[in-house]
Amino acid sequence: MIKRVLVKFSGEALASESGFGIESSILDYVALELKSLVDIGAEVGIVIGGGNFIRGVSAAKSGLIKRTSGDYMGMLATVINGVAIQEALEYHGLDVRVQSALEIKEVCETYINRRSIRHLEKGRVVIFVAGTGNPFFTTDTAATLRAVEIGAEIIIKATKVNGVYDKDPVKFSDAVMLKQLSYEQALKDNIKVMDDTAIALAKDNALPIIVCNMFKKGNLLNIVQQNEDAIYSKVANLNLYKEIK
Ligand code: UDP
C-alpha cells in the first residue's frame, strides 16, 4: 500500500456540466473518494486547481487585466475550492487543514512544510491552496512541488479520463491508453499529462505521476492499495520507453 500520497485535481472536476462553480453532489462524491484513502490509513495531501472560477491566461486575454493579477485571481480561486473540500471532508468526519501559499490567516493556515508533515502524521488531510504562491505557474507544478516537499510516494493526477492516450480519446474511438511512459517521452512527445515544469520537477525527484479517472468509483483506493484492478497510466523513471496495452 502507498502510505503518503498527494492527489491533484483540477477545479473543473468540482463543477457541473457548465464547468463553472462547485456542484455539491460532485463535491460530496470527491470527499467520499478521498475519505476512502484516509480510512485505510493513508496520509493524504491534496492540491486543487481553480479553473472552475478563473485562470490567469484567460483573465488576461482581453488586455483589461494583467497576467500577474489574473494569476493571483486564479490562486485565490483555489482557496475557495480548498475551503469547500475541507468542509465536505469534515462533514464526513475527517480532520482537515487547509494551508495556503499566500497568507490569508483568517481563512486558513499559511503553508509551513514542517507543520503540514505533522498534520499528515496525525492523520489529518492537508489541502494545499494558492498554488505555489507565484504567478506564471500552475497548480500541477504546485502539486508536484508539495508532493516532493512532503515526501509523497506518488502523485495522483485525478482527471475525467482513465489515463494517458496516444490521441484524444474524446475525439478518436481508436485512441490507445498508454499504461506506462517515461518522463522523457511525456516531455518529448508533448503529452500534456501535466505542464512541462511539473513533469521536469517530478523527473528530477523520481516522483511517479499516476494519471487516473477520479469518476470511476474506487479507483483512487485501488491505486493506493495497489490493487490489480486499478486503472491508470504511470509516468515514471523507465529506462526503456514501454507501451503496454
Ligand atoms: N496559478 C498561479 N500560480 C500557481 C498556481 C496557479 O498563478 O502556482 C493561477 C493560474 O492563473 C492558474 C490558476 O491559478 O491558471 C488556476 O490554477 P490551474 O489553472 O492550475 O487550475 P486547474 O486547471 O487545475 O483547475
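Residues numbered from 1 in each chain as written. Predicted model: local features only at pLDDT ≥ 70, side-chain atom pairs only at ≥ 80, totals over all residues. Heavy atoms only, no water.

Okay, the sheet that holds strand S1 (residues 4–9) next. Sheet strands associate in pairs through backbone hydrogen bonding, adopting either a parallel or an antiparallel arrangement. Strand order in the open sheet formed by nine strands is S4-S3-S5-S2-S1-S6-S10-S11-S9, and the pairing between neighbours is mixed. Here the strands that pair on one side only, and so sit at the sheet edges, are strand S4 (109–110) and strand S9 (180–182). Looking at chain direction, strand S10 (residues 209–213) and strand S11 (residues 233–236) are connected through three bridges and run antiparallel. Note on S11: the bridge partner recorded for Val211 is Ser233. (Pairing = 2+ DSSP bridges. Helix = DSSP H or I, 4+ residues; strand = E, 2+ residues; numbered from the N terminus.)

Here, UniProt's "domain: Aspartate/glutamate/uridylate kinase" (unreviewed entry) annotation points to residues 3–213. When the span residues 3–213 is considered, its composition is 38% helix and 20% strand, and the gap between its end C-alpha atoms is 20 Å. (UniProt positions renumbered as here; feature names shortened; annotations may be inferred.)

Taken together, 20 residues form the shell around the ligand, and within it Gly11, Asp71, Thr132, Asn134 and Thr139 come nearest. Gly56 places a main-chain nitrogen or oxygen 2.8 Å from an oxygen atom of the ligand. Here a nitrogen atom of the ligand sits 3.2 Å away from a polar atom, N or O, in the main chain of Phe137. Protein chains bury 93% of the 520 Å² of accessible surface belonging to the ligand in isolation. In this structure, the ligand is accommodated by the second largest pocket. It is helix H3 (residues 67–91) that provides the largest number of residues to the shell around the ligand, a total of three residues. Residue composition of the shell around the ligand, by class: five nonpolar, 12 polar and three charged. (Near = heavy atom within 4 Å. Polar contact = N/O pair within 3.5 Å; in protein donor to acceptor, adjacent residues only side chain to side chain. Areas by Shrake-Rupley, 256 points an atom, 1.4 Å probe, with all protein chains shown as cover. 1 Å grid on protein atoms, 1.4 Å probe; cavity = no way out; pocket = protein on both sides within 12 Å on 5 of 7 lines; lining within 4 Å. Sits in = over half its atoms within 2 Å of the grid points. Nonpolar A, V, L, I, M, F, W, Y, C, P; charged D, E, K, R; others polar.)

Take unusual backbone geometry next. A positive phi angle, close to 70°, is found at Phe136, a residue other than glycine. By the element assignment, Phe136 lies in the loop between strand S5 (125–129) and helix H5 (139–150). With phi around 50°, Ala206 is a residue other than glycine that occupies positive phi space. On the basis of relative accessible area, Ala206 is assigned to the partly exposed category, the value being 44%. (Buried < 20%, exposed > 50% of the residue type's maximum accessible area, 1.4 Å probe, protein only.)

Mapped onto the present numbering, the UniProt feature "binding site: UMP" (unreviewed entry) falls at Gly50, Asp71, Thr132, Gly133, Asn134, Pro135, Phe136, Phe137, Thr138 and Thr139. In sequence the annotated residues extend across 90 residues, while in space they remain close, none of their C-alpha pairs exceeding 14.2 Å. Taken from the residues named earlier, the lining of the second largest pocket is made up of Gly50, Asp71, Thr132, Asn134, Phe136, Phe137, Thr138 and Thr139. Counting through the fold element by element, Pro135 comes out in the loop between S5 and H5. Residue Thr139 is classed as buried on the basis of its relative accessible area of 17%.

The subject of this paragraph is the packing of aromatic side chains. Scanning the entire structure with this criterion turns up three aromatic pairs. With 5.6 Å between their ring centres and 15° between their planes, Tyr29 and Phe215 make a pair best called stacked. Taken together, the residues span a long stretch of sequence, with Tyr29 in helix H1 (residues 24–39) and Phe215 in the loop between S10 and helix H8 (219–224) at a distance of 186 residues. Between the NZ or CZ atom of Arg146 and the centre of the ring of Tyr111, over which it lies, the distance is 3.6 Å. Its guanidinium or amino end placed over the ring of Phe172, Lys167 lies 5.5 Å from that ring's centre, counting from NZ or CZ. (Phe/Tyr/Trp six-rings, centres within 6.5 Å; stacked < 30°, edge-to-face > 60°. Lys NZ or Arg CZ within 6 Å of the ring centre and 35° of its normal.)

So, about the packing of H5 against helix H7 (residues 196–204). The packing of two helices is summarised by the inter-axis angle and the distance between the axes. H7 packs onto H5 with a crossing angle of 15° between their chain directions and a minimal axis gap of 8 Å. Overall, the two elements H5 and H7 adopt an arrangement that is roughly parallel. With respect to the hand of their crossing, H5 and H7 are arranged in left-handed fashion. From H5, Asp140, Thr141, Thr144 and Leu145 reach across to H7, where they touch Thr197, Ala198, Leu201 and Ala202. (Axes fitted to C-alpha atoms, helices over the stretch in contact; angles between N-to-C directions. Parallel < 35°, antiparallel > 145°, perpendicular 65-115°, else oblique. Left-handed = near helix turned anticlockwise from the far one by under 90°. Contact = heavy atoms within 4.5 Å.)

Here we take up the layout of surface pockets. Taken as a whole, the largest pocket encloses approximately 650 Å³ of empty space. Lys157, Thr159, Val161, Lys192 and Val193 are the residues nearest the centre of the largest pocket, which is lined by 24 residues in total. When residues of the lining of the largest pocket are traced back to their parent elements, those giving at least two are strand S6 (154–159) and strand S7 (164–165). Looking at the lining of the largest pocket element by element, the count peaks at three residues for S6. The space that makes up the second largest pocket amounts to roughly 430 Å³. Of all elements in the fold, only helix H2 (56–59), H3 and H5 reach the threshold of two or more residues within the lining of the second largest pocket. In terms of residue count, the dominant contributor to the lining of the second largest pocket is H3 (five residues). Partitioning the lining of the second largest pocket into residue classes produces five nonpolar, 13 polar and seven charged. (Points joined across faces, edges and corners; volume = space filled by probe spheres on them.)

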